[in-house]
Amino acid sequence: MMNSNLLGTDIMSDAYYHNEEFINQVTKLIGSGDNTPDIAVLSPDTLSTTISAGSNAVVYGTLEINHVIVESGATVKLINFIGNNEIDIESSSTLFKVSRSGATVTFEGTDGTLVKVPATSDAQSILFSDDTWKLKIESGKVLLGEQVIELSQAAMTGN
């Protein structure tokens, strides 16, 4: 079940597609309790969401261009983010290290922000407060700007 800390008091507003059956199925897979992430499901009518500082969330995207704003100190895993999406991380890129597991890239900031984004062959924009980076798969490599993202964590250097 979605916790109110992710979306404030507007959980059931028209701004979010709320599919109780889908959320119940996901909850069966990931469990429930205090450490269970909040779940947000974007729809063609609502392609944007904000993940509040201190929140732990899973966001399911659409085939459209999705836009997620991640406040400093939030944790979010993005699923089904196909295409030219925009991920706006409200922190400086200098605070982050990156790594990958398969094609999923993890951005981990010293400010407590943790973002997991699936890379695709379409470039996704990763916007920080100080710079914008393009994340994509090209020639079998996961790239952030010009930097090849490896399995081991490294500073962001390739923009």
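The structure this text deals with has already been given above.
Basis of the calculations
- Numbers given to residues run from 1 along each chain, matching the order in which its sequence is written.
- Local features in a predicted model are, by the rule used here, given only for residues with pLDDT of at least 70; side-chain atom pairs are given and counted only at 80 or more, and totals for whole chains, interfaces and linings are based on all residues.
- Neither water nor hydrogens contribute to the side-chain values; these are computed over all heavy atoms in the structure.
- Comment: elements are numbered from the N terminus, with helices defined as DSSP H or I runs of at least four residues and strands as E runs of at least two.
- Classification of residues uses two cut-offs on accessible area relative to the type maximum, computed with a 1.4 Å probe and protein chains only: under 20% is buried, over 50% is exposed, and between them is partly exposed.
- By the convention used here, residues are in contact when the closest approach between their heavy atoms is within 4.5 Å.
- For the accessible areas, the method is Shrake-Rupley and the probe is 1.4 Å, while residue cover comes only from the protein chains on display.
- Two strands are said to pair when DSSP picks up at least two bridges between them.
- Salt bridges, as used here, are contacts in which a Lys or Arg side-chain nitrogen is within 4 Å of a carboxyl oxygen on Asp or Glu.
- Centres within 6.5 Å make a pair out of two Phe, Tyr or Trp rings, where for Trp the six-membered ring is used; the pair is then stacked when the planes are under 30 degrees apart, edge-to-face when over 60, and tilted otherwise.

Peer 1: How do you make sense of the overall build of the protein when you look at a structure like this?
Peer 2: Along the protein, the regular secondary structure elements total two helices and 14 strands. Here the protein, with 159 residues, has 42% of them falling under the buried criterion. A separation threshold of at least 6 residues defines the contact pool for the protein, and within that pool the share at least 24 residues apart is 39%. As presented, the protein carries roughly 8000 Å² of accessible surface, and 48% of it is formed by carbon and sulfur atoms.

Peer 1: Just to check I follow, could you spell out the side chain of S125 for this structure?
Peer 2: Among the structural elements, S125 can be located in strand β10 (residues 124-127). We classify S125 as buried; its relative accessible area is 11%. Excluding anything up to four places from it in sequence, S125 contacts N85, E86, I87, T132, W133 and K134.

Peer 1: I tried to follow the sheet that holds strand β2 (residues 48-51) on my own but got confused; where do I start?
Peer 2: As summarised here, the arrangement of the seven strands in space is β2-β4-β6-β10-β11-β12-β13, forming an open sheet in which the pairing is mixed. Here the strands that pair on one side only, and so sit at the sheet edges, are β2 and β13 (147-148). In this sheet, β10 lies alongside strand β6 (residues 86-89) in parallel orientation, the contact comprising three bridges. Opposite E86, over in β10, you have S125 as the bridge partner.

Peer 1: Mind showing me how you'd approach the sheet that holds strand β14 (residues 154-155) here?
Peer 2: Hydrogen bonding along the main chain pairs the strands of a sheet, whether they run parallel or antiparallel. Here seven strands make up an open sheet; going across it, the order is β1-β3-β5-β9-β8-β7-β14 and the pairing mixed. Edge positions in the sheet fall to β1 (38-41) and β14, since each has one partner strand and no second. Direction of pairing for β1 relative to strand β3 (residues 56-60): parallel, over a ladder of four bridges. Paired with I39 across the strands is V58, a residue of β3.

Peer 1: It is not clear to me how unusual backbone geometry should be interpreted in this structure. Could you clarify?
Peer 2: Trans peptide bonds make up most of the peptide bonds, and negative phi angles are found at most residues other than glycine. One non-glycine residue, N80, adopts positive backbone phi at about 65°. Mapped onto the fold, N80 is located in the loop between β5 (75-79) and β6. With a phi close to 50°, S139 is a non-glycine residue in the positive phi region. Here S139 is to be found in the loop between β11 (132-138) and β12 (141-144). Using a relative accessible area of 73% as the deciding quantity, one classes S139 as exposed.

Peer 1: Got a minute to help me understand the pattern of salt bridges in this structure?
Peer 2: Between side chains of opposite charge, a pair can form when the charged atoms approach closely. Counted under the stated rule, the structure contains one salt bridge. Residue E138 is joined to K136 by a salt bridge in which the shortest nitrogen-to-oxygen separation is 3.0 Å. Owing to a relative accessible area of 41%, E138 belongs among the partly exposed residues under this scheme.

Peer 1: So what exactly am I meant to see when it comes to the packing of aromatic side chains here?
Peer 2: Note on aromatic pairs: each is described by the distance of the centres and the angle between the planes. In the structure shown here, the tally under the stated rule is two aromatic pairs. One aromatic cluster in this structure is built from F96, F107 and F128.

Peer 1: Please clarify how the environment of A155 should be interpreted in this entry.
Peer 2: Checked against the element boundaries, A155 lands in strand β14. In sequence terms A155 and S93 are 62 residues apart; their C-alpha atoms lie 9.4 Å from each other. With sequence-adjacent residues up to four places away left out, A155 is seen in contact with F96, K97 and Q147.

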